[in-house]
Structures are given as structure tokens and as C-alpha cells.
Amino acid sequence: MGFVTGLKCRECGRQYDIEPIYVCEFCFGPLEAVYDYRKIKKAISRKKIEKRDENLWRYRELLPIDKEPQAGLYSGFTPLVKADNLGRELGLKELYIKDDTVAHPTFSFKDRVVAVALTKAKEFGFDTVACASTGNLAHSVSAQGAKAGFKRFIFIPATLEESKITSSLIFEPHLVAVDGNYDEVNRLCSEIANRYRWAFVNINIRPFYAEGSKTIGFEVAEQLGWKAPDNIVVPCASGSLLTKIWKAFKELKEVGLLKTADTRVFAAQALGCNPIVTAIKNDTDVIRPIKPETIAKSLAIGNPADGYYAYAAVKESGGYGEDVTDDEIVEGMKLLARTEGIFAETAGGVTVAVTKKLVQQGYINRNEVTVICVTGNGLKTREALEGRMASPIYIKPHIDAFEEALKRI
Amino acid sequence: MAVKVRIPTPLQRLTGGKEEVEGKPGKLIDLIMELDKEYPGLAERVSENGKIRRFVNIYVNEEDVRFLNAEETEVKDGDEVSIVPAIAGGRGI
């Protein structure tokens, strides 16, 4: 039994039925799922949630499905790691990593949004799913789509990392590598979505798909003992994840699961693709599109669809944003790995490095509860580390050789 | 010479199917209001309270007016104005 009453335009408020549509016919704004929070409040409780299986469907009343979940049955509820070592290095007393490097089944937070999108695609009766992707989404749709029995068309920029291409190909979808950047792939997919009756998870299914990101916020609050953190740092590509995490805390309060939700939300981007952070720093709601140039390819969206809403969420929450160089990104990945044993992809390096900057600049208070969102596994972006790693110690198979080497360490 | 104004497919219903119409030079918002007299309903689709809607892009000679003077941008004789919805595509099938 679902609690979505319809779709609504985020700009002009016009209402629509629950259909695979994503643009307002009147003002061209994006559509969003609308919930009956009063009904949800009556149907939900902390105890009820705590008894459920440890996956993202734990919060199903706040997700936009009408019947049973049909994908991602083991997805979500990733560890919230208490990061004392990293906290000490950054000067933070209580730091946590929301660790989606181990998301099931494809090691990125995209498994959350895809679980919701595919379930909804089944409810709409689609037999083919598709997506435009910078990599993680391709991997997740390829995998989850296979398990759910969908035909799959996956569109990626041709310059995507080799490991990400292999990660999708193993599931044998139709993988289309487009000679262009993500923004161009996305535009092409909108045209294709208009012509073929396919469920493009991040286009015509977007209003449902995007809601899956809220589960990071729900889980963080539950894992902190039903408490919203003081600060949360979120990497931004389209900006959607950040807006949905902010929405998640507000919804938990709305339905009575949290008493307060005063989290400051911080945006993290790479210097080579920072349209949202630039808007935040200049305090303007006009996002200036750029051409991305960064090793953080999963965040390389030069014209972020939710850029304005991310800016608005940051402003409303009293947060801020920062960007970091490619060198700082790699340092961030290494810092996280050597302090907490977590190997994050470049986006994780961005978020850790940005957190470091925000603490240094005084935007994050050292005595508060801070959460860093790590959204994908480092094994997926190994190319970014080429030439930036120390070498192993090479020795001959003699104990003398080893002891000689030991002297030099 | 007038101003060439390109109308996107979703709005061509309002211009009798025309994908290009003629506008008067002057401030962009005034040009839109003038067009609305001939094609009623056009103004409220692309603007609200005198400001261009967030998800409507308007280009004057290929430049996004957001980075010129927004609705106050001066449009001259011979200029080309394009109206393009920000999110490509409309209803899914």
C-alpha cells in the first residue's frame, strides 16, 4: 500500500497523476512525488521500522511505490562507520562515514535509486529500462535490471573508466558508448525517451527514482539512534542526492520519527566541475553551466539538473560548499583509506577533502556530530590513482634482502 | 527587419503551429508581452511576474540571457531569440 497521492511540479505546483512523466507541461519544471504525510505518520513508528530487514525498504512508507518492492531487496542499510582515526586527523570529535562503498549489489549509492526506479518501472508495466550514466548508474541498472528481468539500454560517455565499462558489460545489457560528455549523453537520452516506451530511470522515471536517495538520510538518522547529525557533507553531481538527504531529515520530523532536524548540509565538488559550489559561494540561484575537467568523473555534470535545488537546500539548512583540486581529491582518498580502512572512489576523495577544508575554514564545528557521505567504491576508479601511488618494496627471496629493505623503511 | 523568435515545439500550439514568429526590438520582457497580444497565453508559459521562468532558457544570438541582463536584456533589430525548455523532452510515451 503506497502513500503517494500524485506528482507535483516543483516550480509552479501543478498536479499530475502517478505516471512515468517528469516535466511540467505548463512551466517545464521538474515533477516530484507527493506523499500523504498524515497517513504515513499514523502507519509508521521507530519500533516498527527497527523490526524490519536491514535494507532500504525498511522506510517503504516514505518511498514512492504502491505495492511490494521488486528490486534491491538486499540494498541499502550500509554501515555508518565511527571514524575516530579520521576524526582525530581532521580535528573532529564525532565523525562518521556513511559507507556506500559496500552497497549491494554494485558498490555505489546508485543501488538505492535504482531499486526504487525498477520497482516503479515494473508497476508501470515497462519491459525495458535505460539510463544516461557517468558510470555508477550504468553498473547498477545493468546488474539490478538483469536480476529483475528487464531488457536494458545503458548510455555512457565513451571516455568512461575501463573498470566501469567492464562492470556494466558483465551483465550483458546493450551498452551504448556515446562520443560526448555526460550532458550530451543526457540530452540524447531525453530525445530517445520521447520516442521509445522505455523506463529511463533518471529521465521519465526520475520523480520516483530520485526518492531512493532519501534512504541515506533515513539510515543515518536511525543509525545515530534516531538523531539527525549536526553536519553532513554530500558530493554533488546533478545535485539530486544532496536535496534528497535534506528532504529525508525534514520528512522524518514531519512524520514524527525525529523531534528535531537542524542539520547543516554541505556540498562537495571538484574544482574542475563546481557549478553548484560556485553558486553557493556567490550566493546566487543562477547556476552557470561549465565544461567539466576533473578526475572525479562520477561528479562530472557541467549542467546539474538539480543545481538550483541543491543551492536552495544548502542555503535553507545553513550549510555551505567547497571544491578541491584533483591532487586534493587523491589525498582525500588516501587519507580515508589509511585512517579508516575504506577505499572510496574519487567522489569519496572529494567529500573527505572538502570536509577537511570546511573544518579548517571554520564552517564545521569540531565538537559537533558530522557525517561524510562516501558514495562509491574505490575499485571502480582505479585509473584515477595511476602514477599517484607509492610502489611496493621489491626484494629477492632472501631474508638478508628483506632485512636490508627493512633498514631503509 | 524585426526580431526572429524561435518557438519550441511544446509552445507551437499557441502560435498556430509556427516555429518562428516576429518580435519587436526592445527589452526582452516587453517583447514577450507584445507577442502575448498576438499569441495569447505565450507570456505566462515563459514568464511569471515579469521574470523568465527558471526552467525556460532564452537565448539572444545564442547567448543565455541569464548571463546578459535576464528579462531586461535589450533585443535589437535583426537579433535572434530562441526559447528552449531547460529539461529536454516532455511526456514519456
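Our subject is the structure that appears above.
Computed from a predicted model, the values in this text were never measured in an experiment.

1. What about unusual backbone geometry?
- Residue P105(A) is reached from H104(A) by a cis peptide bond, and omega for that bond is 5°.
- Here P105(A) shows up in the loop between β5 (94-99) and α4 (110-124).
- A positive phi angle, close to 50°, is found at F77(A), a residue other than glycine.
- According to the C-beta neighbour criterion, F77(A) is buried, with 21 such atoms within 10 Å.
- Phi at E62(B) takes a positive value of approximately 70°, unusual for a residue other than glycine.
- Along the polypeptide, E62(B) turns up in the loop between β6 (56-60) and β7 (63-64).
- By the C-beta count within 10 Å, which is 7 here, E62(B) ends up exposed.

2. Points about the pairing of strand β9 (residues 80-85) of chain B
Residue and element names in this part refer to chain B.
- Here β9 shows one buried face, formed by V81, I83 and P85, and one open face, formed by E80, S82 and V84.
- Here strand β1 (residues 3-6) pairs with β9 via 3 bridges, running parallel. When the sheet's bridge partners are listed, K4 is paired in β9 with E80.
- Sheet topology places β6 next to β9; 5 bridges connect them, and they run antiparallel.

3. Some remarks on the packing of α4(A) against helix α5 (residues 136-148) of chain A
Residues and elements named next belong to chain A.
- Packing of α4 against α5 leaves a shortest axis separation of 9 Å and a crossing angle of 45°. One finds that α4 runs oblique with respect to α5. Once α4 is placed against α5, the crossing between them reads as right-handed. Contact residues: K110, D111, V114, A115, L118 and K122 in α4; N136, L137, S140, V141, Q144, G145 and A148 in α5.

4. Points about the interface of chain B and chain A
- On the side of chain A, 20 residues touch chain B, which itself brings 16 residues to the contact.
- A per-class count over the side of chain B that touches chain A returns 8 nonpolar, 3 polar and 5 charged.

5. With respect to the environment of Y182(A)
All names here are of chain A.
- For Y182, the position within the fold is in helix α7 (residues 182-195).
- On the neighbour-count criterion, Y182 (28 C-beta atoms within 10 Å) is buried.
- Considered as a pair, Y182 and L118 are 64 residues apart in the sequence and their alpha carbons are 22 Å apart.
- Other than its neighbours up to four places away in sequence, Y182 contacts T134, P157, A300 and I301.

So, how was this worked out
- Residues numbered from 1 in each chain as written.
- Chains lettered and ligands numbered in written order.
- Predicted model: local features only at pLDDT ≥ 70, side-chain atom pairs only at ≥ 80, totals over all residues.
- Helix = DSSP H or I, 4+ residues; strand = E, 2+ residues; numbered from the N terminus.
- Buried ≥ 20, exposed ≤ 12 C-beta atoms within 10 Å, placed from the backbone.
- Pairing = 2+ DSSP bridges.
- Axes fitted to C-alpha atoms, helices over the stretch in contact; angles between N-to-C directions.
- Parallel < 35°, antiparallel > 145°, perpendicular 65-115°, else oblique.
- Left-handed = near helix turned anticlockwise from the far one by under 90°.
- Contact = placed C-beta atoms within 7 Å.
- Nonpolar A, V, L, I, M, F, W, Y, C, P; charged D, E, K, R; others polar.

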